[in-house]
Amino acid sequence: MLVTQPESIQRQASGPRIGLAVAGGGPVGLVYEIGALRALDEALDGVHFNHLHVYVGVSSGAVIAALLANRLDTGRICHTFISNESEEHPLDPRIFLTPAFAEYWRRLATLPRLTWEACWRYLQNPLDLSLLQSLTRRLGRALPTGFFDNEPIHEYLARMWSDPGRSNDFRQLANKLYVVAVDLDTGESVEFGAPGYDHVPISRAVQASSALPGLYPPVEIDGRCYVDGALRKTMHASVALREGLDLLLCINSLVPFDARLSAATGTPTPVSRLVEGGLPVVLSQTFRALIHSRLQVGMKTYDSEFEHTDVVLFEPNRDDAKMFFTNVFSFSGRHWVCEHAYQTTRRDLLTRRAELEPIFARHGVRMRLDVLQDPERHYYTGLRHPHDLAAPVKQRSRLTGDLHSALDQLQDWVASTPTGSVR
């Protein structure tokens, strides 16, 4: 957790202006950020996450920002995305990993033409390029721009936001929402929800913001193609800070892993050195280091550029082996990931209590120690059942709690078992 503190605070008479910025991280990042938000929602008295001044979301974080701006509270988000108890909009995790068959066939259909162009180019000037080089240059255009189809994501969110009281229109929201994507042809960031871009359906903007190149194809909007907003900045918190906030809460799910710190603290890991994990682990560490370094640079500039705003960042610890060695594109372990994020955020709040309490107090926010110091509390403890939202809060049965506990223990055991030792 990182905190930047301003030299002076200028409060508005109408009360503190509080905003939220959420970074990406794939399906696992989405779940982690839900768990972290659930912990903050319970622990911070004075922050209503459905009535913030501004929301900014990038990639999977755009899903969360848009859900909160659409008045879905953290409890209902947990019911929908974690426990899958929503009858109105049941979540099929396969919507994130639906093969992009249309893209495959569209690219495949270009093969005859591209092959002919490559051969003709070679015949025209055989001394310039070899036949293999000519084929390689042309046939590269036949490769799909994404392995998975992100249209189901747009369709699912569009249905959810068509319910009474919800909206798929930025202009109809009570609070400001910005979803950031990158224009593929110019490399420039675009803030959907801002004037000139607020006519785009929210679900389509979220689809564009989460279109990670190679994983999902670019999304065409008004004749332009857009990809993942994280290509330019990790979180785009400055978009929210320009709104003149008093307090900005930030959530990030991806951090580089510190193997030395993990070894010093005795944290069990599947491998003793990251290089032993092969290419997937090396690429994961490289990607995390790149995006996190940009985040750190941005956070350091906010203190001077936005000196009247407190910025508080929540993210996993650098020695968090659970999060690092979990496939960011997996949705199967969402229960333990959500619980892990919930408990990690609670510990962060308690650990940084002396630092955070004065900051929160300046904005009328109080940390609920009775919640934070309850050792029996889990992310699902205070949730209401989706069929009984108007009734008093009911705790889940002991059997459900024991099941979650058992799953967490199993995950701990798997994570601590060296690779290849399980037969």
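Residues numbered from 1 in each chain as written. Predicted model: local features only at pLDDT ≥ 70, side-chain atom pairs only at ≥ 80, totals over all residues. Heavy atoms only, no water.

Draft legend 1. Looking closely at the overall build of the protein chain. Assigned secondary structure in the protein chain consists of 16 helices and eleven strands. When each of the 423 residues of the protein chain is scored for burial, the buried share is 49%. Counting only contacts in the protein chain whose residues sit at least 6 apart along the sequence, the fraction spanning at least 24 positions is 77%. Per element, the accessible surface of the protein chain, about 20000 Å² overall, is 55% carbon and sulfur. (Helix = DSSP H or I, 4+ residues; strand = E, 2+ residues; numbered from the N terminus. Buried < 20%, exposed > 50% of the residue type's maximum accessible area, 1.4 Å probe, protein only. Contact = heavy atoms within 4.5 Å. Areas by Shrake-Rupley, 256 points an atom, 1.4 Å probe, with all protein chains shown as cover.)

Draft legend 2. Fine view of the environment of Pro375. Mapped onto the fold, Pro375 is located in the loop between α15 (369–372) and α16 (398–416). The exposure class of Pro375 is exposed, given its relative accessible area of 70%. Separated by 32 residues in sequence, Pro375 and Gln343 place their C-alpha atoms 9.8 Å apart.

Draft legend 3. Looking closely at the packing of aromatic side chains. A complete count under the given rule lists nine aromatic pairs for this structure. Summarising the aromatic geometry, the rings of Phe81 and Tyr156 are spaced 6.4 Å apart at their centres and angled 85° between planes, so their arrangement reads as edge-to-face. Of this pair, Phe81 sits in helix α3 (residues 74–81) while Tyr156 is found in helix α7 (residues 151–160), placing the two residues 75 residues apart along the sequence. Each member of the pair, Phe81 as well as Tyr156, is classed as buried. When the ring of Phe324 is compared with that of Phe325, the centres are 5.0 Å apart and the planes differ by 90°; the resulting orientation is edge-to-face. Cluster of aromatic residues (ring-pair linked, three or more members): Phe192, Tyr197 and Tyr226. (Phe/Tyr/Trp six-rings, centres within 6.5 Å; stacked < 30°, edge-to-face > 60°.)

Draft legend 4. How the structure looks around the packing of helix α1 (residues 26–43) against helix α2 (residues 60–69). Taken N-terminus to C-terminus, the directions of α1 and α2 make an angle of 40°; their axes are 8 Å apart at the nearest point. Between α1 and α2, the angle falls in the class oblique. As α1 runs across α2, the sense of the crossing is right-handed. Side by side, α1 and α2 meet where Gly26, Gly29, Leu30, Glu33, Ile34 and Leu37 of the first sit next to Ser60, Gly61, Val63, Ile64 and Leu68 of the second. Residues of the contact of α1 with α2, tallied by class, amount to six nonpolar, four polar and one charged. (Axes fitted to C-alpha atoms, helices over the stretch in contact; angles between N-to-C directions. Parallel < 35°, antiparallel > 145°, perpendicular 65-115°, else oblique. Left-handed = near helix turned anticlockwise from the far one by under 90°. Nonpolar A, V, L, I, M, F, W, Y, C, P; charged D, E, K, R; others polar.)

Draft legend 5. A look at unusual backbone geometry. One non-glycine residue with positive phi stands out, namely Asp222, at about 55°. Assignment of secondary structure puts Asp222 in the loop between β7 (219–221) and β8 (224–228). For Asp222, a relative accessible area of 60% gives the class exposed. For His236, which is not glycine, the phi dihedral falls at a positive 55°. Residue position: His236 is located in the loop between β8 and α9 (237–241). Among the residues examined, His236 registers a relative accessible area of 5% and is labelled buried.

Draft legend 6. Summary view of α3. Among the eight residues of α3, seven are classified as buried, and the element is accordingly described as predominantly covered. Along α3, the residues that are buried comprise Thr74, Gly75, Ile77, Cys78, His79, Thr80 and Phe81. In this structure, the buried side of α3 is in contact with α1, α2, α7 and α13 (334–351). At the N-terminal boundary of α3, the capping side chain belongs to Asp73, with an oxygen 3.1 Å from the backbone nitrogen of Gly75. (Polar contact = N/O pair within 3.5 Å; in protein donor to acceptor, adjacent residues only side chain to side chain.)

Draft legend 7. Geometry of the nonpolar core. Phe81, Leu177, Phe192, Leu249, Leu349 and Phe360 are the most contacted members of the largest nonpolar core, which has 78 residues in total. With ten residues, α1 is the single largest residue contributor to this core. Those residues in contact with Leu177 that lie beyond four places of it in its chain are Tyr55, Ala65, Ala66, Ala69, Phe170, Phe192, Gly193 and Ile202. Ranked by size, the runner-up nonpolar core spans 22 residues in total, among them Ala194, Leu248, Met299 and Tyr302. (Core = buried A, V, L, I, M, F, W, Y, C linked by side-chain atoms within 4.5 Å.)

Draft legend 8. Here's a closer look at the pairing of strand β2 (residues 18–22). Most of β2 sits inside the fold, with five of its five residues counted as buried. Where β2 and strand β4 (residues 54–58) come together, four bridges link them in parallel fashion. Bridged to Leu20 within β4 is Tyr55. (Pairing = 2+ DSSP bridges.)

Draft legend 9. The confidence of the model for the protein chain, seen in detail. Considering every residue of the protein chain, the mean pLDDT works out to 84; 85% of them sit at 70 or more. Within the model, pLDDT remains below 50 along residues 386–405, and this stretch shows 22 contacts once partners closer than five positions in the same chain are excluded. (pLDDT = per-residue confidence, 0-100.)

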